Amino acid sequence: MPKRRVGQLDFVDGLIAQRPQSGPSALMEIAALVDWAPFEKLLSALPVAARGEPSYPALVMFKALLLQRWHGLSDPEMETALSDRLSFMAFAGLSLGDPTPDHSTIWRFREKLGVHDLLDKLLAEANRQIAAAGLMVRQRTLIDATLVTSAARRPRMDEGKMSATDREARFGTTNERGRFAFGYKMHVAVDAGSGLVRDMALTPANVQDVAAAPQLLDHADGVVYADRGYDSDGLRAELARRQLGDGLMRRRRGRPLTAAQVLRNHELSLTRRAVESLFGTMKRTYRLGRMRAFTQLRNAADLTLFCLAFNLRRWRVLASP
């Protein structure tokens, strides 16, 4: 399928570009920070259909997905915003004369990113560029998990523990607070010094936090901090094998904690609780307190895009004088 030629400025675009502005917008500041060429190269691995109308450049579609995450928009809302808002067009690389992708095109592109396993690579590229800018501290890593409810209706007791609509969602709790929900669990590793997401994994809600922890350690550095739910001999051995420090809070194991252990837990909690602000931002600002799809693959794509969008926006904040 041939690609559309977009971004060709016409007379009206030129007049708009000359309008006086008080300063660069947040979107344009992010656009200037990022080297988009490596992203475009990664996206070139996506297969292109051989029939139908010309497709949009993959980088245009990727930027549209970032805009969608930053503003918490549904696919139809994103279609409308991309055709109405000049700042969105400029960020995505579209001119006023370009047709904009509809909601089904946006959905299909996000689907392709998940199916072809590109989102983790795109997140890694963003983190590589941020680290190259000297903004990834790499001394302490925070790991934690949060429950995100399924988009499907919660099964009734007489229906068993599975949903006919979302067959991969499960009932689960967080070890630390004991909250109970039906859906999925998002596991993250966060750079303590910068607040940037280093890694993310999504599991059904019944997967224990400690069981998912090892897959978050590939990009960890320094001391790894986590709450009582991660206290296990196996995880401590894995930290030692990877030459990572033990910042795991201790839990009671048949007898009360010593005074020294209680004090240590308190000190560790002051450090590790910073990761909770990420979950607050995800659920309040990015409107991801509930899943939007009915499969784990699609929901993982949504949440990885959130991590990408969050890190790029955080980059702008960290880079500000």
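This one's a predicted model, so the numbers in the text were calculated from it and none came from an experiment.

Draft legend 1. Region of the structure containing the side chain of Asp302. Of note, Asp302 is situated in helix H13 (residues 296–319). For Asp302, a relative accessible area of 6% translates into the label buried. Here the side chain of Asp302 touches Arg69 through a polar contact of 2.6 Å, side chain to side chain. In contact with Asp302, not counting residues within four places along its chain, are Arg69, Arg110 and Arg292.

Draft legend 2. Quick look at the pattern of salt bridges. Scanning all chains against the criterion turns up 21 salt bridges. Salt bridges sharing common partners tie together Arg69, Asp75, Arg110 and Asp302.

Draft legend 3. Up close: the environment of Ala169. Within the secondary structure layout, Ala169 lies in the loop between strand E1 (140–149) and strand E2 (170–173). For the pair formed by Ala169 and Pro204, sequence separation is 35 residues and the distance between their alpha carbons is 5.3 Å. Setting aside residues up to four positions removed in sequence, Ala169 forms contacts with Ser150, Lys161, Phe182, Gly183 and Tyr184.

Draft legend 4. Spotlight on helix H7 (residues 103–115). Between the first and last C-alpha of H7 there are 18 Å, a value that for 13 residues agrees with the 18 Å anticipated at 1.5 Å per step. Residues of H7 that are buried: Thr105, Ile106, Phe109, Arg110, Leu113 and Gly114. On its buried face, H7 sits against helix H3 (37–43), helix H4 (58–71), helix H5 (75–84), helix H8 (119–132) and H13. After H7 finishes, the residue Asp117 shows a positive phi value of roughly 55 degrees.

Draft legend 5. Examining the side chain of Gln68 more closely. Position of Gln68 among the secondary structure elements: in helix H4. Taking relative accessible area as the criterion, Gln68 reaches 2% and is therefore assigned buried. Residues in contact with Gln68, not counting those within four places in the same chain, are Leu73, Ser74, Asp75, Met78, Ile106 and Arg110.

Draft legend 6. The packing of H8 against H13, seen in detail. The geometry of H8 relative to H13 is characterised by a closest axis approach of 9 Å and an angle of 15 degrees between their N-to-C directions. Taken together, the axis directions place H8 and H13 in an arrangement best described as roughly parallel. Viewed along their axes, H8 and H13 form a crossing whose handedness is left-handed. Along the contact surface, H8 presents Leu119, Asp120, Leu122, Leu123, Ala126, Asn127, Gln129 and Ile130, while H13 presents Ala301, Thr304, Leu305, Cys307, Leu308, Asn311, Leu312 and Trp315.

Draft legend 7. Structural context of the confidence of the model for the chain. A residue-level look at the chain finds 88% of positions with pLDDT of 70 or above and a mean pLDDT of 88. At the level of individual helices and strands, the chain shows its lowest average pLDDT in helix H1 (residues 11–17), which scores 41, and its highest in H3, which scores 97. Ignoring residues within four places in sequence, the model shows residues 9–20, a span with pLDDT below 50, making eight contacts including any to other chains.

Rules and cut-offs
Residues take numbers from 1 onward in each chain, read along the sequence in its written order. Given that this is a predicted model, residues contribute local features only at a pLDDT of at least 70 and side-chain atom pairs are listed and counted only at 80 or more, while totals for whole chains, interfaces and linings are drawn from all residues. In computing side-chain properties, one takes all heavy atoms of the structure into account and sets aside hydrogens as well as water. Only DSSP runs of H or I covering at least 4 residues are called helices, and only runs of E covering at least 2 are called strands; the numbering of each starts at the N terminus. Burial status follows relative accessibility: with a 1.4 Å probe on protein chains alone, a residue under 20% of its type maximum counts as buried, one over 50% as exposed, and anything between as partly exposed. Any pair of N or O atoms that falls within 3.5 Å is considered a polar contact. Within protein, one atom must be able to donate a hydrogen and the other to accept it, and sequence-neighbouring residues count only if both atoms are side-chain atoms. For this analysis, residues touch if any pair of their heavy atoms sits within 4.5 Å. When a carboxyl oxygen of Asp or Glu is within 4 Å of a side-chain nitrogen of Lys or Arg, the pair counts as a salt bridge. Expected span, for any helix, means 1.5 Å times one less than how many residues it has. A fitted line through C-alpha atoms represents every axis, and for helices the fit uses only the stretch in contact; the resulting angles, taken between N-to-C directions, go from 0 to 180 degrees. Reported orientations rely on four angle classes, namely roughly parallel under 35 degrees, roughly antiparallel over 145, roughly perpendicular from 65 to 115, and oblique for the rest. Crossings are assigned a handedness: left-handed for a near helix turned anticlockwise from the far helix by less than a right angle, right-handed for a clockwise turn. Each residue gets a pLDDT score, which is the predictor's confidence in that residue and runs from 0 to 100.

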